[in-house]
Each structure stands twice: as C-alpha cells, then as structure tokens.
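Coordinates in review
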Amino acid sequence: MLVDVDRLVTAYYEERPDPGEATQQVAFGTSGHRGSALKASFNEAHILATTEAICRYREAKGIDGPLFLGRDTHALSEPAQRTALEVLAAHDVQVRVDSGDRPTPTPALSLAILTWNRDRRDHLADGIVVTPSHNPPEDGGFKYNPPNGGPADTDITGWVQDEANRLLRAGLDGVRRVPAERAAGAPGVEGYDYVAAYVQDLATIVDMEAVRGAGLRLGVDPLGGAAVDYWSAISEHYRLELEVVNQAVDPTFRFMTVDWDGKIRMDPSSRYAMAGLIDLRDRFDVAFANDADADRHGIVTGGAGLLNPNHYLAAMVAYLFGGGREWGSGVGVGKTMVSSSMIDRVTTELGRRLDEVPVGFKFFVDGLLDGSLGFGGEESAGASFLRRDGTVWTTDKDGIVCCLLAAEMTARRGADPGAQYRELTARFGDPAYRRVDAPATPEQKAVLKRLSAGDVRASELAGEPITDVLTAAPANGAALGGVKVATEHGWFAARPSGTEDVYKVYAESFLGEEHLERILEEATAVVSAALEAAGS
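So, here's what we can say about the structure.

Centre-to-centre distance and the angle between the planes together describe a pair of aromatic rings. Tallied over the entire structure, the rule returns 14 aromatic pairs. A centroid spacing of 5.9 Å and a plane angle of 75° characterise the contact between tyrosine 198 and tyrosine 230, whose relative ring orientation is edge-to-face. Here tyrosine 198 is found in helix 7 (residues 194-201), whereas its partner tyrosine 230 is found in helix 9 (residues 228-238), with 32 residues between them in sequence. Tyrosine 230 carries the same exposure label as tyrosine 198, and that label is buried.

Quick look at the structure:
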C-alpha cells in the first residue's frame, strides 16, 4: 500500500512520457496538471516543458515581477520544484522561495502574490504551487496562479498546456535550464518568509482576539501537509489553546487512515481519512484539518462529528452575512452549481445576491478580488472570504482561515458550527445530499459536456414538475460542462469526470433520503435519454 518513494523519484527523472499518448501529455484540469511519475504522467519532462511555457506566457504578457514558488509535502513536489527553478533561473525570473525551505500552502502563496501586487500597475507578481492537493502519495501536481492570485483561467491554462505539449513533441528543444546548484544560487532567487507574512496578517480576516479570549480548546491535524509549521506558528503568535495532534511529515503518509477505497488520500472532507481526528473530538471544543496544500478544510465538533462540507459552507454564509461581518449591502455570496441549495435559502433570507457558477474556484476570483463577493465556496470543502474590512484576502481557496472561522463562530456565538447548522435546518429544512458516479464512455462524456436544455425531454423528477434545466451558470453564463435539473424540493446535476470513464451525479432533496434515492435513480434515466436525444 505504501508508496516506494525512491522508486517514485527515480521514475520522475528516468521515465520519458510519450507525447503521442493522451494520458502522458500535459493536461490542466480545474486544479492544474496532475499525474504520477510511475504512469509517465508527471515527470521531469512535463515540468521542464510546463515551466518553459509559463516563462513564455509571462514574457508575452509583460509579467516581470517576482514569481512566488511553493510546494507541498508530496514526494514528487520537491524534485518538481527543483526542476522548475532550473528553468525559471535560466530565464532570469525573480523567484521567491520559502526562506526556511519549508512547504508552502496554496493560500500563503496567493496572499503573497496579492500583497506584492497591491497598489501596483506594473512589475506584477505571479506564482507556481507544486501540489496535487489531497491526491494519493504517488501523485504530483503543478498549478500556475497569475497576477490575480487565483487559479489560472482556461484561456491561460489552455495556452500553457498547448505550448508545453508542443515542447514535449519537439523533444524539449528550446527549453532553457541551468544546473540545480546554479539555479538555487542565482541572483534573482531570494528567500521569502511565507509563514510570518501569512500568520501575522490573519487578524485582518479572523477575529483572533475573540478566539483567544474565549479560551477554546482547539485541535488540528494538518494531515502531514504544508500547514504543519503554520499551525504551530498560529498557536504561538496568537497564544491559543491549540494542539497540533499530528506533526508528522512523511511522503508515504503512512500515518493516515485509508479512504473508502483503501487508498491514502489527505482529504479532510472524508470521514475515512479523518477517522483519527474524529475519534479525538471530545477533547476539543472544535477541531479541524487541512489537505496537503491547505486549500481545503474539515471541521469536527463533538455533536456533529465531521461536518458535511455543504453544511459548513451554509453555516459560514449565515454567520458572515448574518452579523459576523459588516460588509456593504452589495456584497454577494458565491457558490458552485453543485453545492447545497441550503446556501440559496440562507442567502435569500439574508437579502444577498447569489452568484451560482460552474465547478472551479477560478470563477470566484474576480469577485473576491474587487470585493463584490464576500464569500466563495465549493462543495468539495474549499472556500475563501474577504477580510473583516471588506477587502480581498486570497483569491484561491484557504483551508486555514476556514478552520479558524469555525473557532471564531464558536467563540462569538457560544455554539459550534454543527449546532449553528442545526439551527438553519430548523428554519429551512434538513436536506439530504449525495454524489455518486455512473459509467460513461468517452463519447458519452463528450456529449454530456455539450448538452443543451432542449436535450432534456423529461417533465417530472421524483414526482415533482421540473422547474429548471440548466447547462450554463446563472451568474456568468459559463458552461456547466453538463446539466442541472431542478424541482421545488430537489435537484440533480451531472457532469463528466475529467480523469475516469464515469460521469458524476450530484443530488439533493429537502424531502428526505427516500426522495433523494428517487432523484438519483431517475437522474440516470434522464441523462441517458438526453444523451440519446443528443445523438451519443
């Protein structure tokens, strides 16, 4: 079960990807390029080509400020960071790496980019995070964040991906690099204290005085990821009664309890991966965890155990916009189309604008950046929100501040987020939510991605009239990459997987589990009929 780290790193340097094989090409999904060296999908050649492409993109767009470079604790992250630095140094890019050679969470890098770019119009900064997020130990990942500090949009990732694959097909001809030793000592490569910069700024987004003053007993499990040093620094700087229950950092992640399928994943939204912290819940007023790059969160309370991510997102919105912050009336709430409709009901009661977007945190970037969105959240336990004064914090997901907000909510309301969510269900109903996978051929996945509302011929779903069929997001008109079908008390959405021959079905019912089962059962039939109507 445990990954052979030596074999993995050796494969990173020695395996040569076949650029004619689709699974071995550079492919930017919603969270950058991911793969494994053992499958020739994340190797030195991929990082050389992708970093060269990023350098060319920077030059084409006139981006000449520093590039903030960070990595998480996966085994492939350190060698990939080293490879990237060889190319960046060859292009004389001003690079900022952690001054203590520590792992760097995604939100810390986003904050660094935005801090540099504040009040600047030229010499703007951007960044690269080497992380596959919560993926298994054998995986690697590579993300580019442009000057807006958030995940790169498809116009950028498409260009970088195409250029990187062209370089792979050319045998890396034209890729510039210098030896690792020379790159590390290049005049443009400087240390940056990501930890201090991030930790000292936290009081601008979370009421740390309220957390400290309440004397809460807090527990945190970084799951062996990049946030390990950050949580210790947070506890010390703000004098919190906070216990880091596991400070181990090991690229095999041998300390993790396995996920539902027997694999190791650092997923703070999984009750299997979080079993260790859940068992300790009675020791703390509230406890939390992050994934390997700390862009996701998991919240554990004594009464609720591990909160469903949708439940916590709804509780966060209710708290932040229900008196927790004094943001202007024009500041809205952002959610993905497959997130719980509980968020819709809470937002409506609060009189706030709801921006519903496709899956992908990139759709929240502009709103967070200009302050028109106070909160942006995904059903997969990723979110960020504005500073207390209504200005931007990060434009990428920040699992650390989401955890600390749970502590603030508990301190200021006298009830943990699980109890606060139960109060919401008393007012709005108690929805049942689930995601399942259904088999689909590559051809069916392609058809599903381009369905139109007219392709859905059904008029009812689980005994209720269908009120809406969506293939594009209401907030921005962006394609859902699938379909969402809604009734008065329930809905489902179906979208193709980017990595497997399945499509994902998300469903929710405000009438209970039995109604949810009917929605899920009928969703497959509705999608199959739509695919047939579309000519798959």
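As summarised here, the arrangement of the 7 strands in space is 1-2-6-5-3-4-7, forming an open sheet in which the pairing is mixed. The open sheet has two edge strands, strand 1 (28-29) and strand 7 (189-192), and neither has a second partner. Alignment of strand 5 (residues 126-130) against strand 6 (residues 139-145), held across 3 bridges, turns out to be antiparallel. Across the sheet, residue valine 129 finds its bridge partner in strand 6, namely lysine 143. On the sheet, helix 2 (residues 44-61) packs against strand 1, strand 2 (32-36), strand 3 (67-71), strand 5 and strand 6 and is oriented at approximately 5° with respect to strand 6. Against the sheet, helix 7 engages strand 3, strand 4 (95-98) and strand 7, with an angle of about 80° to strand 4.

Time to look at the side chain of aspartate 396. Along the chain, aspartate 396 turns up in the loop between strand 16 (382-385) and helix 14 (399-413). One buried charge, aspartate 396, has no salt-bridge partner; the nearest side chain with opposite charge is lysine 143, at 4.2 Å. Within the structure, the side chain of aspartate 396 is placed 3.1 Å from the side chain of asparagine 145, a separation counted as a polar contact. Excluding its chain neighbours within four sequence positions, the residues that come into contact with aspartate 396 are Thr106, Ser110, Lys143, Asn145, Gly149, Gly150, Pro151, Phe361 and Ser384.

Here alanine 40, not a glycine, exhibits a phi torsion of approximately 55°, which is positive. With respect to the secondary-structure elements, alanine 40 resides in the loop between strand 2 and helix 2. Here alanine 40 falls in the buried class, since its relative accessible area comes to 7%. The phi dihedral of alanine 462 falls on the positive side, at around 50°, and the residue is not glycine. Secondary-structure assignment places alanine 462 in the loop between strand 18 (460-461) and strand 19 (464-465). Residue alanine 462 is classed as buried on the basis of its relative accessible area of 4%.

Criteria and cut-off values
Residues numbered from 1 in each chain as written. Predicted model: local features only at pLDDT ≥ 70, side-chain atom pairs only at ≥ 80, totals over all residues. Heavy atoms only, no water. Phe/Tyr/Trp six-rings, centres within 6.5 Å; stacked < 30°, edge-to-face > 60°. Helix = DSSP H or I, 4+ residues; strand = E, 2+ residues; numbered from the N terminus. Buried < 20%, exposed > 50% of the residue type's maximum accessible area, 1.4 Å probe, protein only. Pairing = 2+ DSSP bridges. Contact = heavy atoms within 4.5 Å. Axes fitted to C-alpha atoms, helices over the stretch in contact; angles between N-to-C directions. Lys, Arg positive; Asp, Glu negative; His and termini not counted. Salt bridge = Lys/Arg side-chain N within 4 Å of Asp/Glu carboxyl O. Polar contact = N/O pair within 3.5 Å; in protein donor to acceptor, adjacent residues only side chain to side chain.

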